[in-house]
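Tertiary structure, described
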Amino acid sequence: MNWEVVIGLEIHTQLTTKSKLFSGAAVGFGAEPNTQTTLVDLGMPGALPVFNKEALRMAVMFGHAINAEIGMTSVFARKNYFYPDLPKGYQTSQMDHPIVGKGHLDITLEDGTTSRIGITRAHLEEDAGKSLHEDFQGMTGIDLNRSSTPLLEIVSEPDIRSAKEAVAYVKMIHSIVTYLGICDGNMAEGSMRCDINLSLRPKGQEEYGTRTEIKNVNSFRFIEKAIYTEIERQADTLEDGGRIIQETRLYDPEKNETRSMRSKEDANDYRYFPCPDLLPVELTQEYVDEIKSTLPELPSQKATRFQTEFQLSEYDANVLSSSRELADYFESALSITKDAKLTANWVMGELSKLLNQEQVEIQDAPVSAAAFGELLVRIKDNTINGKTAKDVFQAMWDGEGSADEIIDKKGLKQVTDTGAIESMIQGILDANTQQVEQYRAAEPDKQKKMIGFFVGQVMKASQGKANPAMVNPILAKMLKG
Amino acid sequence: MFEQNISSLAKQLRDKDISSVELTQYFLKRIADLDPQLNSYITVSEQQALQQAAAADALIQSGQGSSLAGIPIAHKDLFCTQGTLTTCGSKMLNNFIPPYESTVTSRIQQAGAVMLGKTNMDEFAMGSSNENSFYGAVKNPWNTDTVPGGSSGGSAAAIAAGLAIAATGTDTGGSIRQPASFCGITGLKPTYGRVSRFGMIAYASSLDQGGPMAKSAEDCAHLLQAMAGFDEKDSTSSETATEDYIGNLNAPLTGLKIGLPKEYFGDGLDPKIADTIMAAVKEFEALGATVKEVSLPNLKLSIPSYYVIAPSEASSNLSRFDGVRFGHRCDDPKDLLDMYMRTRAEGFGEEVQKRIMVGTYALSEGYYDAYYLKAQKIRRLIKDDFTSALSEVDVIMGPVAPTTAFNIGSKTNDPVAMYLEDIYTLSVNLAGIPAMSVPAGFVDGMPVGLQIMGNYFAEAKLLNIAHQYQQNTDWHLQSPSMAEGV
């Protein structure tokens, strides 16, 4: 059977406000349990929530970034259920009137295909605390530091048709929220978590199949793997004549499988109703417009600018604008090199390679964008060639100094003196008379291939310092005799 | 001394005719002597009261402190008081000593008042008779076979019996006004948002409002002056400026337009109460007011609307009492579900459990539109009724309750009859307007309260009207014989 996969994603992004969504307690990862709490986060009797205006501002920023309708009146609602790490017995969220309404995102896959993913809504809600099941001798510990931490839940339409699209979409959201500075994007610490709603239907069928929801997947790689695994499971089940049960599942990265958590029958009736402790949030057009005017350049805008201003390819422009830090690095280096193509190639090539290899984030790279730019300038002005530059870059990464210091110290300056190159070539020709004769006797087509041998000899003799751009024409001329 | 008002006591304190410590000792003795008959206090905080009194004396000595400085008052036991047991009338909070202070009690403390203790109440403020308390029923000092009303029954009984000069109460559907009426004292439910709810244990958040209870409107004004005002810790508290409640008491009533809603005088109202209310209205006419009939056509719908909205909110508000972090927890729970179920079954009384179930049902999937949403629509209609009536008149008057205080136990098996007790008070909470109960006479020896309802933030006006009435009548000065019998 030829299946079409239908995916909708719910992404929880933790906002980078200083204090919690409804209390003045600090937000932070890794503090001693229950030290970052107030009466409100502990759900003490008589404690009342006070809405954090900074979270509102961040949500509106996001709404603008995805071209969404902004909820001019948004309403907090209570989602009621009992759980020990949910201190009030309800989560304050938004239901019928979210702060961000319908919007969309355009994503581009590696093969260049683009698609538009609809975003149903994004709403503000508070996080729950954490239950700690280890270290308490059969009891459960409760840590309420995370309680009432602000989340923006971004809900997509079921517009995603593959694992690759899903990952591209999540990466795009990741890049937007980090560009806006409203989320630190740290998936390992849970700052961004993803619920995957997935169903299959025979290709061509209008009606959706029964879906399952995979909860709390927290890396790009796991999202991709969880989707592949779940597609396979659903397809196998359907092809064996079984049916899909609507349920919540968990992805286990170690076994690379999803397993049932709870079925719809066990699902809570959350009894949503407007929270009477909080007034509806009324926005003025002025406020909404003011936030729009302070929005930073977004990844898609940056990518477009990179193409028009620097004549970069769409792919290069997308890669370079995928994170704000990478784009900033590129642009800082470019301001020194004034050569977009060279800078783009080096950022995406050598720099990315070392970052990956050493598992370093670009903002922590040991070579600054300025120092990196200086290195590329030395390629441009023929002080060193590209091959030498890679060695210099590695030395810079290892902390041996600036490009110029390393070139100087190691004597890597390119030989650009025509006379010196000519005499070097003459020496090679004299030592290889047989090859010279063969060359001269050969057809022009063959000569082109044979010249490589001489170039190699020259580079070897010069210890890589001869400027290849100069060596080639001089060599060709001298070989003619 | 117990029958004196705040102004007079404040003067004596300032003139050193008496100290706050002496005054406090006097009330503590009255509580020890009389409260065993009434059960109006859950906690008497004797030591703390004497310390506060000593501090108040020092404050007065230095020429500081408001009119409340050194005055012994009581707090309904749903205001969280730092370091003092706060039970909300429930077994669930039998061991709950808050590490924080409610805004209301904190402000009253700042004003220099002395807290004698915490008064009894219907559990979680759910009730109209004060019979739903884990700490036992409260008795009406006018006749100890009868109820004091509820849910602020402890505060009302304590004031009527002279066991406190004034007290705080809260009113979600009549819980200040109805006990004030039953016990022959004065009580004010302010506009929703006038008084901060921070630290007030929530029953129904969109309806709950704290307010003053005392013998007279003047004393209520003193207390409200300290309680009222915006609080950044309560998002629903209003930024509308407070008024000079005491300074406005003496404005003349000439030209006052009083509306009498015909629906308040229909079937179910004891005719003797109707006569008492009409006699009071005559008194206002004599003071220069004019009277006209108005209509509040959706009055009857206030009961079903209230009994959907309030339990719905309560079912959610009371979820935090789960045995995890504070309050009662059952012994030896088998597992999490067992802990939840037994903790809540043991900790909550029957009426509270009933309302949690009603509210849970009303909010359930498939019922929400038919119950909760519909109730909210009715609420809007009721609000519009008041807005419309109050565009024709300055205030609306009527009875507080259809009967005087009834016998303990007489309605406990008839919940509908009990809920009907609230018919004249509920709609005020649904609309969010302020209203008072003012002593207006007696029927068969039991007090009757006149209800005065006003427009949003018209507290100063209501207190002024009540005060002028009390300058010309002495119903509020009557004391039950048990109060005299010490």
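Residues numbered from 1 in each chain as written. Chains lettered and ligands numbered in written order. Predicted model: local features only at pLDDT ≥ 70, side-chain atom pairs only at ≥ 80, totals over all residues. Heavy atoms only, no water.

With respect to the overall build of chain A
Counting secondary structure elements, chain A contains 16 helices and 15 strands. Relative to the globule expectation of 23 Å for 481 residues, the C-alpha radius of gyration of chain A, 30 Å, shows a markedly less compact shape. Expressed as a percentage of contacts within chain A between residues at least 6 apart in sequence, the contacts between residues at least 24 apart total 69%. (Helix = DSSP H or I, 4+ residues; strand = E, 2+ residues; numbered from the N terminus. Rg over C-alpha atoms; globule rule 2.2 N^0.38 Å. Contact = heavy atoms within 4.5 Å.)

Concerning the nonpolar core
Note on soluble globular proteins: their nonpolar side chains tend to be buried together. Counting 210 residues, the largest nonpolar core has F62, Y169 and I196 of chain A together with F124 of chain B as the members making the most contacts within it. At 11 residues, helix α3 (residues 163–180) of chain A tops the list of elements feeding residues into this core. Among residues more than four places away in sequence, those in contact with Y169 of chain A are L9, I11, L105, I107, I117, I119, I154, S156 and I160 of chain A. L320, L326, A327 and L351 of chain A belong to the second-largest nonpolar core, a separate cluster that totals 40 residues. (Core = buried A, V, L, I, M, F, W, Y, C linked by side-chain atoms within 4.5 Å. Buried < 20%, exposed > 50% of the residue type's maximum accessible area, 1.4 Å probe, protein only.)

Structural notes on the sheet that holds strand β11 (residues 446–454) of chain B
All names here are of chain B. Strand order across the open sheet formed by 11 strands is β1-β3-β2-β4-β6-β5-β10-β11-β9-β7-β8, with mixed pairing between neighbours. Edge strands, defined here as strands with exactly one partner in the open sheet, are β1 (41–44) and β8 (290–294). Averaged over all neighbouring strand pairs, the angle between strand axes comes to 30°, with direction disregarded. Strand direction decides the pairing type here: strand β10 (residues 435–443) and β11, joined by 8 bridges, are antiparallel. Bridging across to β11, V443 finds its partner in M446. In the packing of helix α14 (residues 423–431) onto the sheet, the strands contacted are β5 (186–189), β9 (395–399), β10 and β11, and the crossing angle to β11 comes to about 30°. (Pairing = 2+ DSSP bridges. Axes fitted to C-alpha atoms, helices over the stretch in contact; angles between N-to-C directions.)

Some remarks on the interface of chain B and chain A
With 38 residues of chain B at the contact, the number on the chain A side is 31 residues. Summed over both sides, the interface of chain B with chain A buries roughly 2,800 Å², with 59% coming from carbon and sulfur. Among the residues chain B hides against chain A, the three largest losses belong to S235, R320 and R325 of chain B. Together they make up 22% of the total. For the pair chain B and chain A, the number of links is 1 salt bridge. The partner of R197 of chain B in a salt bridge is D277 of chain A, and the shortest N-O contact between them spans 3.0 Å. Across the contact surface, chain B and chain A share 16 residue pairs in polar contact (both at pLDDT 80 or more). Mapped onto the side of chain B that touches chain A, the elements with two or more residues apiece are α9 (302–317) and α10 (336–347) of chain B. With 5 residues, α9 of chain B is the largest single contributor of residues to the side of chain B that touches chain A. (Buried area = accessible area lost by both parts, 1.4 Å probe. Salt bridge = Lys/Arg side-chain N within 4 Å of Asp/Glu carboxyl O. Polar contact = N/O pair within 3.5 Å; in protein donor to acceptor, adjacent residues only side chain to side chain.)

Observations concerning the pattern of salt bridges
Residue and element names in this part refer to chain A. In this structure the tally under the stated criterion is 43 salt bridges over all chains. The salt bridge partner of K341 is D316, with a shortest N-O separation of 3.4 Å. Pair noted here: K341 is in helix α9 (residues 340–358) and D316 is in helix α7 (residues 314–321), with a separation of 25 residues, a long-range link. The partly exposed category is assigned to K341, whose relative accessible area is 45%. On the accessibility criterion, D316 (9% relative accessible area) is buried. In this structure, a network of salt bridges that share partners links the residues E297, K302, R305, E309, D328 and E331.

Some remarks on the environment of H75 of chain B
Residue and element names in this part refer to chain B. By secondary structure assignment, the location of H75 is in strand β2 (residues 72–76). Look at H75 and you get buried, because its relative accessible area is 3%. With 137 residues separating them in the primary sequence, H75 and P212 have C-alpha atoms 9.8 Å apart. Beyond its immediate chain neighbours, meaning those up to four positions away, H75 contacts T105, I108, M115, G117, K118, T119 and T168.

Focus: a negative patch on the surface
Together, E232, D236, E239 and D240 of chain A make up a negatively charged patch on the protein surface. Turning to its location among the elements, D240 of chain A is positioned in the loop between α4 (220–239) and β12 (247–252). (Patch = residues over 30% accessible without salt bridge, like charges linked within 9 Å, V, L, I, M, F, W, Y side chains within 5 Å. Areas by Shrake-Rupley, 256 points an atom, 1.4 Å probe, with all protein chains shown as cover. Lys, Arg positive; Asp, Glu negative; His and termini not counted. Charge placed at Lys NZ, Arg CZ, Asp CG, Glu CD.)

Points about the domain arrangement of chain A
Domain annotation of chain A identifies domain 1 (3–290), domain 2 (297–410) and domain 3 (418–480). Computed over C-alpha atoms only, the centres of domain 1 of chain A and domain 3 of chain A are separated by 64 Å. (Domains from an automatic or database assignment.)

Comments concerning the sheet that holds strand β3 (residues 76–80) of chain A
Sheet architecture is open: 3 strands sit in the order β4-β3-β14 (chain A), paired in antiparallel fashion. Where the open sheet ends on each side, the last strands, each with one partner, are β4 (90–94) and β14 (273–274) of chain A. Relative to β14 of chain A, β3 of chain A runs antiparallel, the two being bridged by 2 bridges. Considered in β14 of chain A, the bridge of A77 of chain A is made with P274 of chain A. Sitting on the sheet, α9 of chain B touches β3, β4 and β14 of chain A, and the angle it makes with β3 of chain A is about 65°.

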